[in-house]
Amino acid sequence: MNQTTPLNRKLLVLNGANLHLLGKREPHIYGTTTLQDIIHRLSTTAHQHGIQLDHFQSNHEGDIVDIIGSQGVLADDHDKFDGVIINPAAFTHTSVAIRDSLLASGKPFIEVHLSNIHAREPFRSHSYFSDKAVGVICGLGDMGYDMALAWFLKNLYKTNGVHS
């Protein structure tokens, strides 16, 4: 995003397959915090800074592609998001379509993973997103989402940190 483009103060948080099961699915790997808990916490922080946080989770790749297109590239100017926090989950290792949609949006994005994908099965080490992401946060549990939001607050919205 260049300096002359006005910001809409709207972030998009995307979550891929099975993340609706957070708090229940393999808590020894993913923790006990639910996705609803994470989104509530992020929304509260974003709201404190005058930022609208939209969230979408799907187990279907095409639905995520459609959301990126309808809220990003294809949206009216006032509906466009400024950036994306994405936990692609299993789509990390398979989805060229989501990658292409993010690139077409032209918006910065941060890739988040609850677990350290590099310390797990070898196939999980490859990401179709990491080389184009502003940053990648993995292995820090649900705190990774907060760190991604903090980056947007500081670097895109130029606030003085996460708390007012």
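Residue indices follow the written sequence of each chain, beginning from 1 at its first position. Whole-chain, interface and lining totals are the exception, using all residues; otherwise, since this is a predicted model, local features are given only for residues with pLDDT of at least 70 and side-chain atom pairs are given and counted only at 80 or more. Excluding hydrogens and water, the side-chain values take into account all heavy atoms of the structure.

### So, the packing of aromatic side chains
- Aromatic rings from Phe, Tyr and Trp, taking only the six-membered ring of Trp, are treated as a pair when their centres fall within 6.5 Å; an angle between ring planes under 30 degrees marks them as stacked, one over 60 as edge-to-face, and anything in between as tilted. Scanning the model with the defined rule gives one aromatic pair in all.
- Ring centres 5.1 Å apart and planes at 85° place the aromatic pair Trp151 and Phe152 in the edge-to-face group.

### Thoughts on the environment of Gly62
- With respect to the helices and strands, the residue Gly62 is situated in helix 3 (residues 61-73).
- Think of it in three bands: with a 1.4 Å probe and only protein chains considered, a residue is buried below 20% of the maximum accessible area for its type, exposed above 50%, and partly exposed in between. Given the relative accessible area of 39%, Gly62 is considered partly exposed.
- Gly62 sits 35 residues away from Ala97 along the chain, and the two C-alpha atoms are 7.9 Å apart. Helix and strand definitions follow DSSP, with helices as H or I runs of at least four residues and strands as E runs of at least two, each counted in order from the N terminus.

### Here we look at the sheet that holds strand 1 (residues 10-15)
- If you walk across this open sheet you meet the five strands as 2-1-3-4-5, and the pairing is parallel. Strands at the two margins of the open sheet, each flanked by one partner only, are strand 2 (52-57) and strand 5 (135-138). Neighbour to neighbour, the strand axes of the sheet diverge by 15° on average, direction disregarded.
- Pairing between strand 1 and strand 2: six bridges, direction parallel. Bridge pairing links Leu14 to Phe56 in strand 2. Whether two strands pair depends on DSSP finding at least two bridges between them. For every element, the axis is a line fit to its C-alpha atoms; helices are fit only across the contacting stretch, and the angle between N-to-C directions ranges from 0 to 180 degrees.

### Details of the UniProt feature "site: Transition state stabilizer" (unreviewed entry) in the protein chain
- UniProt positions are given in the numbering used here, feature names are shortened, and annotations may be inferred rather than shown by experiment. With numbering aligned to this structure, UniProt lists the feature "site: Transition state stabilizer" (unreviewed entry) at Arg25.
- By the element assignment, Arg25 lies in the loop between strand 1 and helix 1 (27-30).
- You can call Arg25 partly exposed: its relative accessible area is 27%.
- Contact definition: two residues touch when any of their heavy atoms are within 4.5 Å. Apart from residues no more than four positions distant in its own chain, Arg25 is found in contact with Asn18 and Tyr30.

### Let's talk about the UniProt feature "binding site: substrate" (unreviewed entry) in the protein chain
- Feature annotation in UniProt places "binding site: substrate" (unreviewed entry) on Asn87, His93, Asp100, Leu114, Ser115 and Arg124, given in this structure's numbering. For the annotated residues, spread through 38 residues, the largest C-alpha to C-alpha distance comes to 24.2 Å, inconsistent with a single compact locus.
- Its place among the elements puts Asp100 in helix 4 (residues 96-105).
- Residue placement: Arg124 occurs in the loop between strand 4 (109-113) and strand 5.
- Classification of Arg124 as buried rests on a relative accessible area of 16%.

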